[in-house]
Amino acid sequence: MTTVIMPALNEGKNLDILLPIVTKYKFVDEVLVVDSHSTDNTREVVSKYAKAQLLEAPRGIGRAIREGLLAKKDNNYIIMDADGQHDPSDIPRFISLSHKYDVVLGVRPNKHFESINRSFTSNFANRIALSMLGYNINDATSGFRLLNRKARDLAITIPYDDFFFQVALINR
């Protein structure tokens with residue numbers, strides 16, 4: 001089955017929108033909200049959903065994803081940011097591709113809200129993916145991905161705790 005991993009920091013408002021959608025899918029066993037010590041109502045929101053569980057982890061997107069992957073052994077893992085920039089209705093399409101691919105990457109449709117720093121980082125990562133890895137990827141740092149168990153077993157060995165985790169995952 002499938003575990004959804006959602007790294008979060010003060011995303012209670014967005015989780016209240018996303019969790020009702022994500023938890024309704026029958027093929028989703030559990031949603032792990034990997035929280036980096038939120039000070040908002042994230043914990044309370046997660047507790048409202050039977051399929052959702054809060055997992056606390058130190059800050060760092062790579063660290064949060066790795067902690068989520070280590071917490072559960074499943075057939076498939078959907079990783080999506082908790083900030084609402086990914087459309088949860090794409091999850092069934094990701095699952096339909098899980099038998100063909102070890103990793104499926106999503107593209108953020110709403111990149112217009114990125115800060116200048118985040119935009120620079122994203123563009124830099126895309127250039128790295130193209131020049132060093134040979135992959136022409138539109139959004140190498142997108143947090144919306146599907147991993148099968150084979151990809152998960154490789155991902156948990158990636159040593160980076162930051163966005164480089166997401167770029168390194170492409171090359172595994």
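Our subject is the structure listed above.
Computed from a prediction, not measured in an experiment: that's the story for all the values here.

Remarks on the overall build of the chain
Moving on, step 1. The number of helices and strands found in the chain is seven helices and six strands.
Moving on, step 2. Taken from the N to the C terminus, the helices and strands of the chain come in the order β-α-β-α-β-α-β-α-β-α-β-α-α.
Moving on, step 3. Taken over 172 residues, the chain has a buried fraction of 48%.
Moving on, step 4. Of the accessible surface of the chain, which amounts to about 8,500 Å², a share of 53% is contributed by carbon and sulfur atoms.

What about the nonpolar core?
Moving on, step 1. Judged by nonpolar contacts, the single largest core of 25 residues is most densely connected at Met6, Leu15, Leu19 and Val31.
Moving on, step 2. Residue assignment for this core shows that the elements contributing at least two residues are strand S1 (2-8), helix H1 (12-22), strand S2 (28-35), helix H2 (42-47), strand S3 (52-56) and helix H4 (91-97).
Moving on, step 3. Per-element tally for this core: the top contributor is H1, with four residues.
Moving on, step 4. The contacts of Val31, once residues within four sequence positions are left out, are Val4, Met6, Leu19, Val22, Thr23, Lys51, Ala52 and Gln53.
Moving on, step 5. By size, the runner-up hydrophobic cluster in this structure holds 15 residues, among which are Ala64, Leu69, Phe165 and Leu169.

Here's the deal with unusual backbone geometry
Comment: phi is negative for the bulk of residues other than glycine, and the bulk of peptide bonds are trans.
Moving on, step 1. Even without being glycine, Asn10 reaches a positive phi, approximately 55°.
Moving on, step 2. Positionally, Asn10 belongs in the loop between S1 and H1.
Moving on, step 3. Its relative accessible area of 35% is what places Asn10 among the partly exposed residues.
Moving on, step 4. Phi at His37 is positive, roughly 65°, even though this residue is not glycine.
Moving on, step 5. Note that His37 resides in the loop between S2 and H2.

Looking at the packing of aromatic side chains
Moving on, step 1. Scanning the entire structure with this criterion turns up two aromatic pairs.
Moving on, step 2. Seen from their ring centres, Tyr25 and Phe27 are 5.3 Å apart, and the 15° between their planes marks the pair as stacked.
Moving on, step 3. The exposure class of Tyr25 is buried, given its relative accessible area of 12%.
Moving on, step 4. Taking relative accessible area as the criterion, Phe27 reaches 23% and is therefore assigned partly exposed.
Moving on, step 5. Judged by centre distance (4.5 Å) and plane angle (25°), the ring pair of Phe94 and Phe144 falls under stacked. Here Phe94 is found in helix H4, whereas its partner Phe144 is found in the loop between helix H5 (116-131) and strand S6 (145-148), with 50 residues between them in sequence.

Some thoughts on the pairing of strand S4 (residues 76-79)
Moving on, step 1. By the alternation rule, side chains of S4 split into Asn76 and Ile78 and Tyr77 and Ile79, which are all buried.
Moving on, step 2. Two strands pair when backbone bridges link them, and S1 and S4 are joined in this way by four bridges, in the parallel orientation. Residue pairing for S4: Val4 is matched across the bridge by Ile78.

Thoughts on the sheet that holds S4
Moving on, step 1. The sheet built from six strands is open, its strands ordered S3-S2-S1-S4-S6-S5 with mixed pairing. If you trace the sheet from one side to the other, it starts and ends with S3 and strand S5 (103-105), each paired once. Within the sheet, the average angular offset between the axes of one strand and its neighbour, ignoring direction, is 20°.
Moving on, step 2. Here helix H3 (residues 61-71) sits on the sheet and contacts S1, S2, S3, S4 and S6; the angle it forms with S1, its principal contact strand, is near 150°.

Quick notes on the rules
- Residues numbered from 1 in each chain as written.
- Predicted model: local features only at pLDDT ≥ 70, side-chain atom pairs only at ≥ 80, totals over all residues.
- Heavy atoms only, no water.
- Helix = DSSP H or I, 4+ residues; strand = E, 2+ residues; numbered from the N terminus.
- Buried < 20%, exposed > 50% of the residue type's maximum accessible area, 1.4 Å probe, protein only.
- Areas by Shrake-Rupley, 256 points an atom, 1.4 Å probe, with all protein chains shown as cover.
- Core = buried A, V, L, I, M, F, W, Y, C linked by side-chain atoms within 4.5 Å.
- Contact = heavy atoms within 4.5 Å.
- Phe/Tyr/Trp six-rings, centres within 6.5 Å; stacked < 30°, edge-to-face > 60°.
- Pairing = 2+ DSSP bridges.
- Axes fitted to C-alpha atoms, helices over the stretch in contact; angles between N-to-C directions.

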